[in-house]
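# Structure assessment
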Amino acid sequence: MKTHFETPEEIRYQIWKELGRASQDRHHAWRTPVFATASANGFVNARTVVLRRVDAVAGVLEIYTDRRSEKVADLAHRPRAQFVFWSDRLHWQLRVTVTASVATEGPYVQTLWQSVKQSPAARDYLGAEAPGALLDADRATAAVLSDETHFAVVSGTVIEMDWLELARDNHRRAKLTAETWAWLKP
Ligand SMILES: Cc1cc2nc3c(=O)[nH]c(=O)nc-3n(C[C@H](O)[C@H](O)[C@H](O)COP(=O)(O)O)c2cc1C
């Protein structure tokens, strides 16, 4: 299998290929990126998420979340976010800056919820309390579920990527948008 990619076209193609694989393969290192947002009071909020869907043609990355979570409040205030991926196999770090939108209803969200609902992950979106709500000590391990779903889909449209490849002899770094490519000092 080819592991070294030379040209911007090859690298760009491979980045999207790996992102697509990561959304399908739970063992791919890029399956669980860090997703960072900016809070209204000027702080940064970063957390691990699961990469659920990738559309290379539209340039979109999607995650699922609870609509009451802080990341959703952050995005309502400022719809910008960054994904950070690292793969030890590829020796690639990828930072993806996106414009994010949050969908909580409509046919697309309904279709996804119908399938998530059947899975053990459903409980992640059925909590009676919002993520981050204070719990009494005796409640720390027992989630209270409600009938109401708080399932939300966050779609990130890629603005720019920062790609970094670590290698023993020569690190490489590039900034790329849909139309542009610039090599940077790593
Ligand atoms: C491996 C892993 C995967 C996670 N995946 C998600 C996810 O897909 N969506 C999500 O909302 N939270 C996910 N979480 C929980 C978040 O990291 C975070 O704790 C939670 O969403 C609350 O974040 P917030 O209060 O900043 O919104 C995951 C945590 C771990 C450790």
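Residues numbered from 1 in each chain as written. Predicted model: local features only at pLDDT ≥ 70, side-chain atom pairs only at ≥ 80, totals over all residues. Heavy atoms only, no water.

### Observations regarding the pairing of strand β2 (residues 44-48)
The two faces of β2 differ: N45 and R47 on one face are buried, but V44, A46 and T48 on the other face are not. Bridging between strand β1 (residues 34-38) and β2 involves five bridges; their strand directions are antiparallel. Following the sheet pairing, A36 is matched in β2 by A46. Once β1 ends, the chain turns through five residues before running back antiparallel as β2, passing G42 with a positive phi of about 90°. (Buried < 20%, exposed > 50% of the residue type's maximum accessible area, 1.4 Å probe, protein only. Helix = DSSP H or I, 4+ residues; strand = E, 2+ residues; numbered from the N terminus. Pairing = 2+ DSSP bridges.)

### What about the side chain of D74?
Topologically, D74 is positioned in helix α2 (residues 70-77). If near-sequence neighbours (up to four positions away) are discounted, D74 is found in contact with T37, A38, S39, A40, N45 and R47. (Contact = heavy atoms within 4.5 Å.)

### What about α2?
Along α2, the positions that sit buried rather than exposed are K71, V72, D74 and L75. The arc that holds every buried residue of α2, seen down its axis, measures 160°, which confines them to one face. For α2, the exposed residues lying more than 90 degrees away from the buried face are E70 and A76. Tucked inside the fold, the buried residues of α2 contact β1, β2, β4 (60-66), β5 (80-87), β6 (92-103) and β7 (151-165). (Arc of directions from axis to C-beta.)

### With respect to the packing of aromatic side chains
Summed over the entire model, instances satisfying the criterion amount to 13 aromatic pairs. Aromatic side chains W181 and W183 sit 5.3 Å apart centroid to centroid with 75° between the ring planes, which places their arrangement in the edge-to-face category. Clustering of aromatic rings is evident, with ring pairs tying together F5, W30, F35, F83, F85, W92, W163, W181 and W183. (Phe/Tyr/Trp six-rings, centres within 6.5 Å; stacked < 30°, edge-to-face > 60°.)

### Some points on the site of the ligand
The environment of the ligand is made up of R47, T48, V49, V50, Y64, T65, S69, E70 and K71. Interatomic distance of 3.0 Å between a backbone N/O atom of V50 and an oxygen atom of the ligand. A distance of 3.2 Å is found between an oxygen atom of the ligand and a backbone nitrogen or oxygen belonging to E70. Going through the elements one at a time, β2, β4 and α2 are the ones with two or more residues in the shell around the ligand. (Near = heavy atom within 4 Å. Polar contact = N/O pair within 3.5 Å; in protein donor to acceptor, adjacent residues only side chain to side chain.)

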